[in-house]
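Single-letter residue listing:
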Amino acid sequence: MKNNIVLIGFMGVGKGSVARAVVECSEHVGIDTDDLIESMSNTKIKEIFAKKGEPYFRDLEKKVATWLESSVDDTLVSTGGGFFKVPNIKKIGIIIHLDSPFDDIYKRIKEHPNAQRKLKKRPLFQDITKAKELYKQRSAQYKKCADITIDVTNKSVEKIAKELLKKVKEYKGKK
Ligand code: S3P
């Protein structure tokens, strides 16, 4: 089993912020699958969806997943909200699902100082009804895929980071 920690969860739940907090209080190096895709293709996610379509983006996610499995270890990997569907996800590392109700996620985005930018860069968060439907579809799938689920509602990123590291340690101890 690889020693990576993989963060999955819905758009806007705070995977990136939690990843940064974990990196700050541990020895982990952090990478993000959306960042990798943007640098691989020299194109923003929003543009990839607009110009090439979602299936093309999903293929790029699979490419990144293959590389993570073959070449990356001891790393904290934050992912895009649909990345958990890559076929080899379980081979990349321990899977941590950051969980929160849809309304709290939406509130968290809206209250952010850069709310407009945060919403604009996410093609699948343009229509709230559709985003909520996607959340409903994926909610159980995230839980099923994850080794550990953490409820992040109303918790600071520092608190979540500590809880995450503690749970990962316990999980590894049991294995
Ligand atoms: C997506 C989530 C996005 C990004 C892309 C698709 C999804 O990442 O990968 O827009 O399918 O949920 P975030 O979860 O960081 O918003």
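Scroll up to find the structure this text is about.
Quick notes on the rules
Numbering of residues starts from 1 in every chain and runs along the sequence as written. Local features are withheld for residues below a pLDDT of 70 in this predicted model, meaning they are given only at 70 or higher, and side-chain atom pairs are given and counted only at 80 or more; totals for whole chains, interfaces and linings count all residues. With hydrogens and water stripped out, all remaining heavy atoms of the structure feed into the side-chain values. Any residue under 20% of the maximum accessible area for its type is buried, any over 50% is exposed, and the rest in between are partly exposed; the area is computed with a 1.4 Å probe on protein chains only. Strands here are runs of E lasting at least two residues and helices are runs of H or I lasting at least four, both read from the DSSP assignment and numbered beginning at the N terminus. At least two bridges found by DSSP between two strands are what make those strands a pair. For each structure, a 1 Å grid was placed over the protein atoms alone; sets of points admitting a 1.4 Å probe that cannot get out are labelled cavities, open sets with protein on both sides within 12 Å along at least five of seven lines are labelled pockets, and lining residues have an atom within 4 Å of a point. Grid points are joined across faces, edges and corners, and a volume is the space filled by probe spheres set on the points. When residues are grouped by polarity, Ala, Val, Leu, Ile, Met, Phe, Trp, Tyr, Cys and Pro land in nonpolar, Asp, Glu, Lys and Arg in charged, and all others, Gly among them, in polar. To qualify as a nonpolar core, a set must consist of buried Ala, Val, Leu, Ile, Met, Phe, Trp, Tyr and Cys residues joined through side-chain atoms within 4.5 Å. We call two residues in contact whenever any of their non-hydrogen atoms come within 4.5 Å of each other. Whether a residue is near a molecule or strand depends on its heavy atoms: if one lies within 4 Å, it is near. Two N or O atoms count as a polar contact when they lie within 3.5 Å, although within protein this holds only if one can serve as hydrogen donor and the other as acceptor, and sequence-adjacent residues are included solely when both atoms are side-chain atoms. Throughout, the Shrake-Rupley method with a 1.4 Å probe supplies accessible areas, and for residues the shown protein chains are the sole cover considered. Under the pairing criterion, centres of Phe, Tyr and Trp rings, with the six-membered ring standing for Trp, must be within 6.5 Å; the plane angle then separates stacked pairs below 30 degrees from edge-to-face pairs above 60, leaving the rest tilted. Salt bridges are counted wherever a side-chain nitrogen of Lys or Arg sits within 4 Å of a carboxyl oxygen of Asp or Glu.

**Q** So, the pairing of strand β1 (residues 4-8): which residues are in play, and what are the values?
**A** Burial analysis of β1 places five of its five residues in the buried class, which makes it a mostly covered element. Neither face of β1 is left uncovered, since the one carrying Asn-4, Val-6 and Ile-8 and the one carrying Ile-5 and Leu-7 both have all their residues buried. Note: β1 against strand β4 (residues 93-99), five bridges, orientation parallel. Note on β4: the bridge partner recorded for Ile-5 is Ile-94. Across three bridges, β1 lies against strand β3 (residues 75-78) in parallel orientation. In the strand pairing of β3, Ile-5 is matched with Leu-76.

**Q** Talk me through the layout of surface pockets; I want residue IDs and the actual numbers.
**A** Its boundaries defined by the atoms lining it, the largest pocket holds a volume of some 940 Å³. Forming the walls of the largest pocket are 41 residues, and the residues nearest its centre are Asp-32, Asp-34, Asp-35, Lys-121 and Arg-122. Of all the secondary structure elements, the ones that give two or more residues to the lining of the largest pocket are α1 (15-24), β2 (29-32), α2 (33-41), α3 (45-52), α4 (54-71), β3, α6 (102-110) and α7 (115-120). When residues in the lining of the largest pocket are grouped by element, the largest group, six residues, is from α1. Class assignment for the residues of the lining of the largest pocket results in 13 nonpolar, 11 polar and 17 charged.

**Q** An account of the nonpolar core is needed here, citing residue identities and associated values.
**A** Of all hydrophobic cores here, the largest spans 51 residues; its most connected members are Leu-7, Phe-10, Ile-96, Leu-98 and Leu-164. Among all residues touching Leu-98, those that are not within four sequence positions of it are Leu-7, Ile-8, Gly-9, Val-13, Gly-14, Lys-15, Val-18, Ile-150, Val-152 and Ile-160.

**Q** Lay out the site of the ligand with the relevant residues and their values.
**A** Around the ligand sit 14 residues in total, of which Lys-15, Asp-34, Arg-58, Arg-122 and Arg-138 are the nearest. Contact between the ligand and Lys-15: an oxygen atom at 2.7 Å from a side-chain N or O atom of the residue. Note that an oxygen atom of the ligand is positioned 2.7 Å from one of the side-chain N or O atoms of Arg-138. Expressed as a share of its isolated accessible area of 390 Å², the protein-covered part of the ligand is 93%. Of all the elements in the fold, those that place two or more residues in the shell around the ligand are α3 and α4. When grouped by side-chain class, the residues that make up the shell around the ligand number six nonpolar, three polar and five charged.

**Q** Got a sec to walk through the pairing of strand β5 (residues 148-151)? Specific residues and values, please.
**A** With burial as the criterion, only one face of β5 is covered, namely that bearing Ile-148 and Ile-150; the residues Thr-149 and Asp-151 on the opposite face remain uncovered. In the sheet, β4 pairs with β5 via four bridges, with the strands oriented parallel. Bridge pairing in β5 links Ile-96 to Ile-148.

**Q** Residues and numbers for the packing of aromatic side chains, please.
**A** Tallied over the entire structure, the rule returns nine aromatic pairs. Put simply, the rings of Phe-10, Phe-102, Tyr-106, Phe-125 and Tyr-135 touch in pairs and so form one group of aromatic residues.

**Q** Quick rundown of the pattern of salt bridges? Include the residues and the values.
**A** Summed over all chains, the structure comprises 11 salt bridges. Ionic pairing is found between Glu-47 and Lys-51, a salt bridge with its closest N-O pair at 3.5 Å. Residue Glu-47 and its partner Lys-51 are located together in helix α3, separated by four residues, close to a single helical turn. Residue Glu-47 is classed as partly exposed on the basis of its relative accessible area, which comes to 31%. Here Lys-90 makes a salt bridge to Asp-147, at a shortest N to O gap of 3.1 Å. Of this pair, Lys-90 sits in helix α5 (residues 89-92) while Asp-147 sits in the loop between α8 (128-145) and β5, placing them 57 residues apart in sequence. Members of the salt-bridge network, linked through shared partners, are Glu-54, Arg-58 and Glu-61.

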